[in-house]
Amino acid sequence: MNVLFVSSEVTPFSKTGGLADVSGSLPTALANLGHQVTVVTPAYRQARQHGLPLEPMGQTLEIPIGTKLVQGQLLRCPRPGGVNVILIEQQDYFDRDGLYQQDGHDYTDNCERFVFFCRAAMELIRQLDLSVDVIHCNDWQTGLLPALLRIEYAHARGYEEIVTVMTIHNMAYQGHFWHWDMLLTGLDWKYFNWRQMEFWGNLNLLKTGLIFADGITTVSRRYAQEIQSQPMGCGLEDVLRQRGADLTGIINGVDYSIWDPQTDPHLDTNYSVNDWRSGKARCKQALQRELGLAESPDAPLLGFVGRLADQKGLDLLASVIGQWAGQEDAQWAILGTGEPRYHDLLTQLAAAHPGKIGLSLAFRDDLAHQIEAGADMFLMPSRFEPCGLNQLYSLKYGAVPIVRATGGLADTVCDATEATMVNGTANGFSFVDYEPEELERTVARAVAMYRNEPDRWAGLVGTGMRQDWSWEASAGKYVELYASLAARHRSARANEGGTN
Ligand code: ADP
């Protein structure tokens, strides 16, 4: 099949979170299954900073935005694995410090920026004469695409056979804009109604995508269930229930060419499931040095990497760290950026417990890998987690995940109980109720096993490291979905033709 994969962030060009990892690796997995994949993404300033060769394609797009015409250029970047990457350059919109915001505030023209992006993605199909079967859209930034296809391009030559898939990576981010931004979309006001693009008086771009897409996916089976009711549906639970028959949960995969301790270039020492004890010990020492932690080989080291947002359970984490740091020898390695209040909270904790809490309030890819390798355990006490990638990385790196059983965390981490240890399915620790005491009890369970039952601990690490969460199976599920949507669309068109 010919897939146009449209995403507002793609590793290695740009990244704020898991969407970038998925958009960097799923297209390669689809190409490995024999499909033609073209990835379309903005040419942000970040994309230029990695020294990747971005070649101008000599193509200019002229995109109507409200009453103006905005020009954009197309750049191409050859990538290994047979995936074509096209970057849309528009300096006023994309040559900025951040992807979506600066100093914690969203850019005020985000709607305009991503309307431009969606329209440019639609137009480049015609301009480059691409053959496309499926447009795979990701999150609100691409939510307008399915509507454009069905409303404006439905009968345009070359677009008639195209179907769209809308993947939800996080329901908490929906692209809400004031109603006047409807003018920017160029679509008729008649679509601004509660059944289509409007949501409580605002324009909602994720809802738009969910209404107009042929198929909807989200990134784990559990999350696909959770978002059909409150609170995880974030107001769109009725829309999702109504489209329930077209909603599938497909778990994200890992790109093991980037996340594998055997080959990871960021590590002090590479290691595998056969020599993880010595390998992780060296990585732990290097991490302790890097973060100014006491170089104690036996102290359990617990890692956290992520956006410092409410979603990630930082209030639980801070409460447990505060409680433990005064009494226990456990160490904490924390890497993240996000909300200023969490920056302040963690800075205060780290200052109060030097040598026990290593904190980096930055976006550092190298350190993210080093924490996975150096930590004995990895914390994800999330309020909600559509899929979560860090727990999958931590399984591979032998950093036993401690998670709240929600979304993709529930689907991938099996709590260590007597029964699951015996049958060999345990790969981590989990808890259900979002309470600091529950996290505390779970951390205590994990630390007790780490200290007192080294053989059982080794069993847990080994199970996780041997598991395969690569893209292969999930990429195959996307292909099946594309094919079934394309077949449905063909037969609907044939029926339409028959009645004309
Ligand atoms: P989300 O998509 O909600 O942010 P995921 O667990 O799915 O969460 O993916 C997060 C990705 O972003 C991981 O690859 C993680 O390593 C990376 N990441 C998050 N914050 C940072 C940071 N401060 N520095 C480096 N990498 C980070």
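Residues numbered from 1 in each chain as written. Predicted model: local features only at pLDDT ≥ 70, side-chain atom pairs only at ≥ 80, totals over all residues. Heavy atoms only, no water.

Moving on, we come to the overall build of the protein chain. Per the secondary structure count, the protein chain includes 19 helices and 20 strands. Against the 2.2 N^0.38 benchmark of 23 Å for 500 residues, the protein chain shows a C-alpha radius of gyration of 23 Å, consistent with a compact globule. Its C-alpha atoms put the protein chain at 75 × 45 × 45 Å along the principal axes. The buried share among the 500 residues of the protein chain stands at 57%. (Helix = DSSP H or I, 4+ residues; strand = E, 2+ residues; numbered from the N terminus. Rg over C-alpha atoms; globule rule 2.2 N^0.38 Å. Buried < 20%, exposed > 50% of the residue type's maximum accessible area, 1.4 Å probe, protein only.)

In this section: the pairing of strand β15 (residues 301-308). With 7 of 8 residues buried, β15 lies mostly within the body of the structure. Of the strand pairs in this sheet, β15 and strand β18 (residues 377-380) are connected by 2 bridges, and their pairing is parallel. Among the inter-strand pairings, Leu302 is bridged to a residue of β18, identified as Met377. (Pairing = 2+ DSSP bridges.)

Around the ligand, the surrounding shell holds 22 residues, and the nearest of these are Gly18, Asp21, Arg307, Lys312 and Ala362. Contact between the ligand and Ala362: a nitrogen atom at 2.8 Å from a main-chain N or O atom of the residue. Considered on its own, the ligand offers 560 Å² of accessible surface; in the complex 94% of this is hidden by protein. Among the elements of the structure, α1 (18-32), β15, β16 (331-338), α13 (365-374) and α14 (390-396) are those that each provide at least two residues to the shell around the ligand. Of the residues contributing to the shell around the ligand, the split by class is 7 nonpolar, 8 polar and 7 charged. For the shell around the ligand, the domains that each give at least three residues are domain 1 (2-253 + 472-496) and domain 2 (276-468). (Near = heavy atom within 4 Å. Polar contact = N/O pair within 3.5 Å; in protein donor to acceptor, adjacent residues only side chain to side chain. Areas by Shrake-Rupley, 256 points an atom, 1.4 Å probe, with all protein chains shown as cover. Nonpolar A, V, L, I, M, F, W, Y, C, P; charged D, E, K, R; others polar. Domains from an automatic or database assignment.)

What follows covers the domain arrangement of the protein chain. If you check the domain split of the protein chain, you get domain 1 (2-253 + 472-496) and domain 2 (276-468). When each unit is reduced to the centre of its C-alpha atoms, the spacing between domain 1 and domain 2 is 33 Å. Every contact between the two is made by 19 residues of domain 1 and, on the other side, 18 residues of domain 2. A buried area of about 1,300 Å², summed over both sides, lies between domain 1 and domain 2, and 60% of it is on carbon and sulfur atoms. One can count 0 salt bridges joining domain 1 with domain 2. Our count for the contact surface shared by domain 1 and domain 2 stands at 9 residue pairs in polar contact (both at pLDDT 80 or more). Per-element tally for the side of domain 1 that touches domain 2: the top contributor is helix α8 (residues 221-226), with 4 residues. The residue inventory of the side of domain 1 that touches domain 2, partitioned by class, reads 7 nonpolar, 7 polar and 5 charged. (Contact = heavy atoms within 4.5 Å. Buried area = accessible area lost by both parts, 1.4 Å probe. Salt bridge = Lys/Arg side-chain N within 4 Å of Asp/Glu carboxyl O.)

You can see His369 is positioned in helix α13. For His369, a relative accessible area of 1% gives the class buried. In this structure the C-alpha to C-alpha distance between His369 and Ile125, which are 244 residues apart in sequence, comes to 37 Å. Beyond its immediate stretch of four places on either side in the chain, His369 contacts Ile258, Trp259, Asp264, His266, Leu267 and Tyr397. Within the structure, His369 has its side chain in polar contact with the side chain of Asp264 (distance 2.6 Å).

Another aspect to go through is helix α18 (residues 454-466). If you check α18, its first and last C-alpha atoms are 18 Å apart, about what 13 residues at 1.5 Å a residue would give, namely 18 Å. Of all the positions in α18, only Trp457, Leu460, Val461, Gly462, Thr463, Gly464 and Met465 are classed as buried. (Expected span 1.5 Å × (residues − 1).)

Between helix α11 (residues 314-325) and helix α17 (residues 436-452), the least distance of the axes is 9 Å, while the angle of their chain directions is 55°. The orientation of α11 with respect to α17, classified from their angle, is oblique. At the point where α11 passes α17, the crossing takes the right-handed sense. Contacts from Leu316, Leu317, Ser319, Val320, Gln323 and Trp324 of α11 reach α17 at Pro436, Leu439, Glu440, Val443, Ala444 and Val447. The class makeup of the residues in the contact of α11 with α17 is 9 nonpolar, 2 polar and 1 charged. (Axes fitted to C-alpha atoms, helices over the stretch in contact; angles between N-to-C directions. Parallel < 35°, antiparallel > 145°, perpendicular 65-115°, else oblique. Left-handed = near helix turned anticlockwise from the far one by under 90°.)

Pairing in this open sheet of 6 strands is parallel, and the strands run β17-β16-β15-β18-β19-β20 from one edge to the other. The open sheet has two edge strands, β17 (357-360) and β20 (429-431), and neither has a second partner. On average, each strand axis in the sheet is tilted by 15° relative to the strand beside it, whichever way the strands run. Set on the sheet, α18 makes contact with β18, β19 (400-404) and β20; between it and β19 the angle comes to about 80°.

The alternating pattern of strand β13 (residues 215-218) places Gly215 and Thr217 and Ile216 and Thr218 on opposite faces, both of which are buried. Bridge analysis of strand β9 (residues 163-168) against β13 gives 4 bridges, and the strand direction is parallel. Bridging across to β13, Thr167 finds its partner in Thr217. In the sheet, β13 pairs with strand β14 (residues 247-249) via 3 bridges, with the strands oriented parallel. Across the sheet, residue Thr217 finds its bridge partner in β14, namely Thr248.

Bringing the environment of Gln49 into the picture now. Inspection of the secondary structure puts Gln49 in the loop between α2 (45-48) and β3 (55-65). You can call Gln49 exposed: its relative accessible area is 58%. Between the C-alpha atom of Gln49 and that of Phe13, which follows or precedes it by 36 residues, the distance is 8.3 Å.

This paragraph deals with the side chain of Thr218. Locating Thr218 in the fold gives a position in strand β13. By relative accessible area, Thr218 is classed as buried at 0%. Apart from residues no more than four positions distant in its own chain, Thr218 is found in contact with Ile168, Tyr223, Ala224, Ile227, Leu247, Thr248, Gly249 and Ile250.

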